[in-house]
Amino acid sequence: MSEETAPYGSGSGGAPASGAPPIKRIRTQHLREMKQRGERFSMLTSYDQYTAEIFDEAGVEVLLVGDSASNNVLGNATSLPITVDELLPLTRAVSGAVSRALVVGDLPFGSYQASPEQGYLTAVRFMKEAGAHCVKLEGGVEMAPQIERMTRGGIPVMAHIGFTPQSEHTLGGYRVQGRGDAADRVLRDARAVQEAGAFAVVMEMVPGDVAAQVTAELEIPTIGIGAGNRCDGQVLVWQDAFGLRTGRMPRFVKQYADLRSVLLDGARAYDAEVKSGAFPAEEHTF
C-alpha cells in the first residue's frame, strides 16, 4: 500500500471528508483535488516540533513556517528582519515532526526579489536543508518570473497576494487591498501567479467579494486570511488563534483558546511551590 493510498489520518486526528479518497501524506495536488470536490482545508503557522505534532494530529492539512516567526518567535517588531539562516532550522523542526501535513517554507524579505535565480537558489536551500515540501513568496504579477523559475526547477510554489507584509512600507501600512478599482489588481495578480505555475495562492486582507471572485475564477486553491469565508482554505498565525499572544488582534482573528492564561497559571503555581519548598516533594526525589 503506497503512502498516497494508506488509511487517511494514520498518525493524525483528521477524518476523511465524505467521498474523499484516503490520504496519508498531503501533497500539493490533493489541495487542488479538494477544491474540485468543494472541500475546504485548514492551514496554521508552526515554528517548532511540538506545535507541528499537535496541529498535524488535529488534522490541519498545511503548516506554514512563516516569516512571521520574526515577530512571533524572535521578538522583532515586523517580519522584515528574519533571515534565511534563522528560518531554516525552524522549518527543519516542523518538517521533521509531521507525518501527514504539507510543510511550507516561507521565503523571507530580500531572499528572492532580486531575480528569479536568487529566488530559485533560496528555495533550493529550504527544500534540501530544511525538508520543506514547498515554498511561499509574496507578490503577484511582478513575481511571476520567480514562480515560473522555481516551478520549472521542480519546486512547488504557494503565492501570496493582497496585503503582503514584506511590502508594508510600500503599501502604507496594514491596509485592506483590493477595494473599489483596486480589485482589478488583485484579479490580475491572481491570474498571473496561476499562469506562472503556483499551486495555491494566499489572499490577505482582501474584501470578501473580491476573494470570492478570485476563488471562483482560479483553478488553483485560494487560502484566505482576512479575505472572507469563500476561499478554499483559511490560515491564521497560531499564537493569535490560540491566545498565546495578547493585545489588539486583527479583525480577521478568532481566538479558539487562551493559552497565555493556562501557561501563566502554571508558571505561578510552579514559582510558588519552589519558593515554599513544596516542590520537589519526596516523589520527585531520587
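Residues numbered from 1 in each chain as written. Predicted model: local features only at pLDDT ≥ 70, side-chain atom pairs only at ≥ 80, totals over all residues. Heavy atoms only, no water.

### Observations concerning the pairing of strand β6 (residues 200–204)
Part 1 of the reasoning: With 5 of its 5 residues buried, β6 lies for the most part within the structure.
Part 2 of the reasoning: Residues Ala 200, Val 202 and Glu 204 line one face of β6 and the alternating positions Val 201 and Met 203 line the opposite face, and both faces are buried.
Part 3 of the reasoning: Relative to β6, strand β5 (residues 157–162) runs parallel, the two being bridged by 5 bridges. Opposite His 160, over in β6, you have Val 202 as the bridge partner. (Buried < 20%, exposed > 50% of the residue type's maximum accessible area, 1.4 Å probe, protein only. Helix = DSSP H or I, 4+ residues; strand = E, 2+ residues; numbered from the N terminus. Pairing = 2+ DSSP bridges.)

### Regarding the packing of aromatic side chains
Two measures describe an aromatic ring pair: the distance that separates the ring centres and the angle between the ring planes.
Part 1 of the reasoning: A full pass over the atoms with the stated rule returns 3 aromatic pairs.
Part 2 of the reasoning: Relative to Trp 238, the ring of Phe 55 lies with its centre 6.2 Å away and its plane at 65 degrees, an arrangement referred to as edge-to-face. One end of the pair, Phe 55, is in helix α2 (residues 49–58); the other, Trp 238, is in helix α10 (residues 238–241), with 183 residues separating them in the sequence. When sorted by exposure, Phe 55 lands in the same class as Trp 238, which is buried.
Part 3 of the reasoning: Both rings, one in Phe 55 and one in Phe 242, keep their centres 5.7 Å apart while their planes meet at 45 degrees; by these two values the pair is tilted. Taken together, the positions of Phe 55 in helix α2 and Phe 242 in the loop between α10 and α11 (259–276) put the pair 187 residues apart, joining distant regions of the chain. (Phe/Tyr/Trp six-rings, centres within 6.5 Å; stacked < 30°, edge-to-face > 60°.)

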